[in-house]
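# Structural characterization, general
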Amino acid sequence: MKRRAEPHRLPVRRRLLLALAGTVALASVIGAAVQPTEAAWVDGEYGTSGFAAGVVQPATNPQCAKASLTTVRFSWANATGGLTRTGYRWELRQPDLLGLLRTTATGTLAPGATSVQPQINLTALGTGEFRLYAVHRPAGSTVDWESVALVDNLTVVTALLVNC
């Protein structure tokens, strides 16, 4: 009967040393291939335009007055400085019968506008808000930039009793 040859086995310590040496060799090859860079491109495209930061200044000096039986006149002074306004966007948030604020009217205005007269909700009861945003639309863009809101409050007891 022939004896089978036993596979040659390395001692455990030697196997661990060989595994460690292999790991170090692999890490050094990978580490040598990675080079730090601040930026790299492989495509030949490039930009031809610039960009700049800017601020859309909000309108100032909010004022509110009852204009008619069912309207309130909100007015303001146009802001100076910052990016050129291309218009305004406004919202009137009136309280409903439960006192919850609802956006009940919205609109846009020309850049030189200094007032608007929205309708008052006849069922409003409580404190509401008028919000005005100065708007700038960069050339070639489809997205508006807006200022922080200029906020004016109004209190409605009935449509006849509005206090700003």
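Our subject is the structure that appears above.
Attention here is on the structure that accompanies the text. (Residues numbered from 1 in each chain as written. Predicted model: local features only at pLDDT ≥ 70, side-chain atom pairs only at ≥ 80, totals over all residues. Heavy atoms only, no water.)

### Considerations on the overall build of the protein
Counting secondary structure elements, the protein contains 1 helix and 9 strands. Going residue by residue from the N terminus, the α and β elements of the protein occur as α-β-β-β-β-β-β-β-β-β. When contacts within the protein are restricted to residue pairs at least 6 apart in sequence, long-range pairs at least 24 apart make up 61% of them. On the protein, roughly 12,000 Å² of surface is accessible, and the fraction owed to carbon and sulfur atoms is 58%. (Helix = DSSP H or I, 4+ residues; strand = E, 2+ residues; numbered from the N terminus. Contact = heavy atoms within 4.5 Å. Areas by Shrake-Rupley, 256 points an atom, 1.4 Å probe, with all protein chains shown as cover.)

### What to know about the side chain of E129
Turning to its location among the elements, E129 is positioned in strand 6 (residues 126-136). Taking the relative accessible area as the measure of exposure, E129 reaches 17% and is therefore buried. (Buried < 20%, exposed > 50% of the residue type's maximum accessible area, 1.4 Å probe, protein only.)

### Remarks on unusual backbone geometry
Positive phi outside glycine occurs at N61, with the angle close to 55 degrees. Mapped onto the fold, N61 is located in strand 1 (residues 60-66). Residue class for N61 comes out partly exposed when judged on its relative accessible area of 46%.

### A short note on the nonpolar core
By size, the foremost hydrophobic cluster in this structure holds 21 residues, and its most contacted members are F74, W76, F130 and L132. Counting residues per element, the ones that place at least two in this core are strand 2 (72-77), strand 3 (87-95), strand 6 and strand 8 (150-158). If we ignore the near neighbours within four places in the chain, the residues touching F74 are Q63, C64, L92, T114, S115, V116, P118, F130, D152 and L154. (Core = buried A, V, L, I, M, F, W, Y, C linked by side-chain atoms within 4.5 Å.)

### Here we look at the sheet that holds strand 2
Taken together, the 3 strands give an open sheet; going across it, the order is 1-2-5, and neighbouring strands pair in antiparallel fashion. Of all strands in the sheet, those with a lone pairing partner are strand 1 and strand 5 (115-116), marking the two edges. Relative to strand 2, strand 1 is paired through 5 bridges, and the arrangement is antiparallel. Across the sheet, residue C64 finds its bridge partner in strand 2, namely F74. (Pairing = 2+ DSSP bridges.)

### Observations concerning the pattern of salt bridges
Scanning the entire structure with this criterion turns up 5 salt bridges. One salt bridge in this structure joins E146 and R89, with 2.6 Å as the shortest N-O distance. Taken together, the positions of E146 in strand 7 (residues 145-146) and R89 in strand 3 put the pair 57 residues apart, joining distant regions of the chain. Given the relative accessible area of 25%, R89 is considered partly exposed. The closest approach of N and O atoms between R93 and E91, which form a salt bridge, is 3.1 Å. Exposure remark for R93: the relative accessible area of 25% places this residue in the partly exposed category. Of the residues examined, E91 reaches a relative accessible area of 10% and is grouped as buried. When salt bridges with common partners are traced through the structure, they connect R89, E91, R93 and E146 into a single cluster. (Salt bridge = Lys/Arg side-chain N within 4 Å of Asp/Glu carboxyl O.)

### Thoughts on the environment of D144
Inspection of the secondary structure puts D144 in the loop between strand 6 and strand 7. Taking the relative accessible area as the measure of exposure, D144 reaches 36% and is therefore partly exposed. Each C-alpha atom of the pair D144 and A134 lies 9.8 Å from the other, and the pair is 10 residues apart in sequence. Not counting residues within four places of it along the chain, the set of residues in contact with D144 comprises V135, H136 and R137. There is a polar contact of 2.6 Å between the side chain of D144 and the side chain of R137. (Polar contact = N/O pair within 3.5 Å; in protein donor to acceptor, adjacent residues only side chain to side chain.)

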